[in-house]
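# Structure at a glance
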Amino acid sequence: MSNRVIFRLAVIGLLIAELAIGVALYFLDSGALDAAWEQLPESIDWYTYLESNFVTSVALLILLLVAILGSLVGVLLFKNWGRWLYLGSTVLIFPVSIFTGPTIYYGWENAVWDITSMVNGALILSMFLPPISNEFNKVS
């Protein structure tokens, strides 16, 4: 199997794993943490902010979704701009994490997200190191 095929399978596998985690969280949430979530202080009152800045919030959400989908397409097609957009969209997640404030997770949820974060980091690293970086640097 070529490096291109292995890399594409890894990217698609990570995407499927993240979607599966979201589905599992939706169906496996028993509400056991709801009381704890209500006790956490909010660093930003998200609902008020989103209502008062609705157009801006929707525009930023659409821009973020376009950047994420564009980066996935660019990475899967081995376009040089795709890996930079993927890295940029990953880095943009950090400010959101910081402004979210304290969070509470189930143990299994935290473990699975940590694993997918490490795989995501490995994929980003592989995009900038040979032999995968050579695939991005090829001129079509």
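Residues numbered from 1 in each chain as written. Predicted model: local features only at pLDDT ≥ 70, side-chain atom pairs only at ≥ 80, totals over all residues. Heavy atoms only, no water.

## So, the nonpolar core
Cut-off, in case you're wondering: For our purposes a nonpolar core is just a set of buried Ala, Val, Leu, Ile, Met, Phe, Trp, Tyr and Cys residues, chained together by side-chain atoms within 4.5 Å. Summary of the burial criterion: residues with accessible area below 20% of their type's maximum are buried, those above 50% are exposed, and those between are partly exposed, where the area comes from a 1.4 Å probe applied to protein chains only. A helix here means a DSSP run of H or I that spans at least four residues, while a strand means a run of E at least two residues long, and both kinds are numbered starting from the N terminus. Two residues qualify as a contact provided that any one of their heavy atoms is within 4.5 Å of a heavy atom in the partner residue.
Listed in full, the 12 residues of the largest apolar core are Phe 7, Val 11, Leu 14, Leu 72, Val 75, Phe 78, Tyr 86, Leu 123, Ile 124, Met 127, Ile 132 and Phe 136. Among the elements of the structure, α1 (3–28), α4 (54–76), α7 (107–128) and α8 (132–137) are those that each provide at least two residues to this core. Once residues within four sequence positions are removed from consideration, Tyr 86 is found in contact with Leu 14, Ser 71, Leu 72, Val 75, Asn 120, Ile 124 and Met 127.

## Some details on unusual backbone geometry
Most peptide bonds are trans, and most residues other than glycine sit at a negative phi. Between Pro 130 and the following residue, Pro 131, the backbone shows a cis peptide bond with an omega angle of 5°. For Pro 131, the position within the fold is in the loop between α7 and α8. Although it is not a glycine, Phe 78 adopts a positive phi angle of roughly 60°. Position of Phe 78 among the secondary structure elements: in the loop between α4 and α5 (80–91). Taking relative accessible area as the criterion, Phe 78 reaches 4% and is therefore assigned buried.

## Overview of the packing of α1 against α4
How we decide: Comment: axis = line fitted to C-alpha atoms, over the contacting stretch for helices; angle = value between 0 and 180 degrees taken between N-to-C directions. With respect to orientation, any angle under 35 degrees is reported as roughly parallel, any angle over 145 as roughly antiparallel, any angle of 65 to 115 as roughly perpendicular, and every other angle as oblique.
At their nearest, the axes of α1 and α4 sit 10 Å apart, and the two run at 155° to each other. What the angle tells us is that α1 and α4 run roughly antiparallel. Residues Phe 7, Arg 8, Val 11, Ile 12 and Leu 15 of α1 touch α4, and the partners they reach there are Leu 72, Val 75 and Leu 76.

## Quick word on the side chain of Ser 57
The following threshold applies: Pairing of N or O atoms within 3.5 Å defines a polar contact, subject to two protein rules: one partner must be a possible hydrogen donor and the other a possible acceptor, and residues neighboring in sequence count only if both atoms are side-chain atoms.
For Ser 57, the position within the fold is in helix α4. By relative accessible area, Ser 57 is classed as buried at 16%. Side-chain polar atoms of Ser 57 contact the backbone oxygen of Asn 53, separated by 2.7 Å. Among residues more than four places away in sequence, those in contact with Ser 57 are Tyr 49 and Leu 50.

## Describing the pattern of salt bridges
As a reminder of what qualifies: What counts as a salt bridge is simple: a side-chain nitrogen of Lys or Arg found within 4 Å of a carboxyl oxygen of Asp or Glu.
Taken as a whole and assessed by the stated rule, the structure comprises 2 salt bridges. A salt bridge links Arg 4 to Glu 135; the nearest nitrogen and oxygen atoms lie 2.6 Å apart. With a gap of 131 residues between them, Arg 4 in helix α1 and Glu 135 in helix α8 connect regions that are remote in the sequence. Bridged by salt links that share partners, the residues Arg 4, Glu 135 and Lys 138 form one connected network.

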